[in-house]
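Examining the three-dimensional arrangement
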Amino acid sequence: MKIAVIGTGYVGLVTGVSLSILGHVVTCVGREEGKIDKINSGISPFYEPGLNELIQKMVEEKKLSATTDFLTVVKSSEVVIIAVGTPTVKGKIDLSAIKLVSRQIGQAIKNTPDYKVIVMKSTVVPSTTEKIVGPLVEKYSGKKIGEFGLCMNPEFLREGNAVEDAIGPDRIVIGCVDKKSGNEYAKVYVQVDCPKIFVNLRTAELTKYASNALLATMISYSNEMARIAEDMGGIDIVDVWKAVHLDRRLSPIVDRKKITPPFLSYIYSGCGYGGSCFPKDTKAIAAFAKSAGISSKIINAVIDVNSTQSERVLNLLKKSVGNLRGKKIALLGLSFKPDTDDMRESPSLFLIELLKKEGASIRATDPQAYEINKEMIDKSGIQYYSSVLDVLNGAEAAVIMTSWDEYKKIKPFTFRQYMKTPVVVDGRRIYNKNEFLKEGVLYCGIGLGPVK
Ligand code: NAD
């Protein structure tokens, strides 16, 4: 099938690549020439494991391309997928890109004779596809729903595992305005063997929020438990989660083997969630509920716990090194989670702001985040180092902000050898505290407090 994907961000590009792997001819439509040129020469504009190789292969096979020519591509496509950004602005979802693209799609399909399916893949609050996208496409195309199809297909990929998730999804939710739309769109995924759930548009829209809010809730719940452990003293939250995870309802025993579901990584304490989804989606659905007269007490509490989690990290730092003015504080990790260069709403950004207010001298490193966020990092007033050893050299405390695999391998000895004062605040609880204590490092962690 000929498919247009509007948006060349994480979702648009990964969707485009995965659909081209399925055999479709995909054109990603973007606005920035630089990005388009990169994609057409087989290079990903952002870091995502495995993505570069696949883009290169699909571009070479002429299954994937990118362009800024919206009109021509939409006119000649059978399926048009909307994957533009839906940020939360002033606490509410900003649908301006969705509205613009819907108008443009309407204009593009105005005089086309064939039946096209318009698909919403961006995360949007319930009723957006039905009440905003559909009517705008109708208005600008002069066609009625039925003459074109309308679907809402939420995306569940995880940055860092995006390629794997998009090629082998665990489910495909297809919200559709009518049967024909759903059946036509389902042809795109005919070869994919996973449950396909056909629902109405609103149900598909809410499914995405229910899914993200559940995971965000697990994180904030775990961090609330960590606060209890920390403030009581004498409790290590890591021991608590080890025992909780072993519940056979969470880790089932299959063929006498304990299975550890990836879901359990969300029931673990740390310095909070970030990224392009959980923060904006929890805020958007809470605001949407409020506007509909529904009180979302749980989601608001989830947001509240998360927004104050960086303060907990700051407090651990203060407890272990005292006044932070002029102190050299090294942050290990800037991206919101490992295996991505995405720093949107990363906890590291919130900690940097707090540390600035304390007058600390901030230095940081990250294996991937610098390239794409260079301008922001250079302007932020922190010192960036590309190597862990350089960032640790002479530092008076180190804070683990992202659980990159390479940070897990750093030995306590290295912290002691390079740092002026060996103090480690483990914001992700990736280390074995006993090994650090043996080495004479002051080790602090979320859900533990300082231990010597
Ligand atoms: P992104 O910011 O990385 O990319 C959005 C893209 O849309 C950008 O390339 C931007 O240039 C483009 N765009 C905006 N207006 C446009 C227009 N008028 N014409 C053409 N392109 C336009 O965002 P993302 O992370 O890819 O997310 C996109 C959507 O998918 C959001 O609704 C998000 O909530 C949702 N989502 C994201 C993820 C994720 O992990 N990133 C996962 C699932 C769902």
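Residues numbered from 1 in each chain as written. Predicted model: local features only at pLDDT ≥ 70, side-chain atom pairs only at ≥ 80, totals over all residues. Heavy atoms only, no water.

1. Some points on the site of the ligand
- Around the ligand, 27 residues are found, and the nearest of them are Val11, Thr86, Thr123, Glu159 and Lys280.
- Contacts to the ligand include Thr86, whose side-chain N or O atom sits 2.5 Å from an oxygen atom.
- Contact distances for the ligand include 2.8 Å between a nitrogen atom and a side-chain N or O atom of Glu159.
- Across the complex, the protein chains shield 91% of the 830 Å² of accessible surface that the ligand would expose by itself.
- Only helix 1 (10-21) and helix 5 (96-109) provide two or more residues apiece to the shell around the ligand.
- Broken down by element, the shell around the ligand gets its largest block of residues, 3 residues, from helix 5.
- Looking at the shell around the ligand, its residues break down into 11 nonpolar, 8 polar and 8 charged. (Near = heavy atom within 4 Å. Polar contact = N/O pair within 3.5 Å; in protein donor to acceptor, adjacent residues only side chain to side chain. Areas by Shrake-Rupley, 256 points an atom, 1.4 Å probe, with all protein chains shown as cover. Helix = DSSP H or I, 4+ residues; strand = E, 2+ residues; numbered from the N terminus. Nonpolar A, V, L, I, M, F, W, Y, C, P; charged D, E, K, R; others polar.)

2. With respect to unusual backbone geometry
- In this model, Ser127 sits at a positive phi of 90 degrees, which is unusual for a non-glycine residue.
- Residue class for Ser127 comes out buried when judged on its relative accessible area of 16%. (Buried < 20%, exposed > 50% of the residue type's maximum accessible area, 1.4 Å probe, protein only.)

3. Examining the state of the cysteines
- Inspection of every chain in the model, using the stated rule, returns 0 disulfides.
- Summary of cysteine pairing: Cys176 is not part of a disulfide, and the nearest cysteine sulfur, belonging to Cys151, is at 5.3 Å. (Disulfide = S-S within 2.5 Å.)

4. Things to note about the side chain of Ser403
- Looking at the secondary structure, you find Ser403 in the loop between strand 16 (397-400) and helix 17 (405-408).
- On the basis of relative accessibility, which here comes to 19%, the residue Ser403 falls in the buried class.

5. Remarks on the pairing of strand 18 (residues 442-445)
- Across the two faces of strand 18 the burial is the same, with Leu442 and Cys444 and Tyr443 and Gly445 all buried.
- In this sheet, strand 18 lies alongside strand 17 (residues 423-426) in parallel orientation, the contact comprising 4 bridges. Looking at the pairing, Val424 lines up with Tyr443 of strand 18.
- With helix 19 (residues 433-438) bridging strand 17 and its parallel neighbour strand 18, the resulting β-α-β unit is right-handed. (Pairing = 2+ DSSP bridges. Right-handed = clockwise from strand over helix to strand, strands pointing away.)

6. Details of the packing of aromatic side chains
- Summed over the entire model, instances satisfying the criterion amount to 10 aromatic pairs.
- A connected cluster of aromatic rings, assembled from ring pairs, spans Phe415, Tyr431, Phe436 and Tyr443.
- We note Arg171 situated over the ring of Phe156; from NZ or CZ to the ring centre the distance is 3.7 Å.
- Above the ring of Tyr115, the side-chain terminus of Lys180 is found at 3.9 Å from the ring centroid. (Phe/Tyr/Trp six-rings, centres within 6.5 Å; stacked < 30°, edge-to-face > 60°. Lys NZ or Arg CZ within 6 Å of the ring centre and 35° of its normal.)

7. Some points on the pairing of strand 1 (residues 2-6)
- Among the 5 residues of strand 1, 4 are classified as buried, and the element is accordingly described as predominantly covered.
- In terms of strand pairing, strand 1 meets strand 2 (residues 25-29) through 5 bridges, oriented parallel. Bridging across to strand 2, Ile3 finds its partner in Val26.

8. Quick notes on a nonpolar patch on the surface
- A surface patch of nonpolar side chains, about 390 Å² in accessible area, is lined by Tyr221, Met225, Ile228 and Met232.
- Here Tyr221 is to be found in helix 9 (residues 201-232). (Patch = residues over 30% accessible without salt bridge, like charges linked within 9 Å, V, L, I, M, F, W, Y side chains within 5 Å. Salt bridge = Lys/Arg side-chain N within 4 Å of Asp/Glu carboxyl O.)

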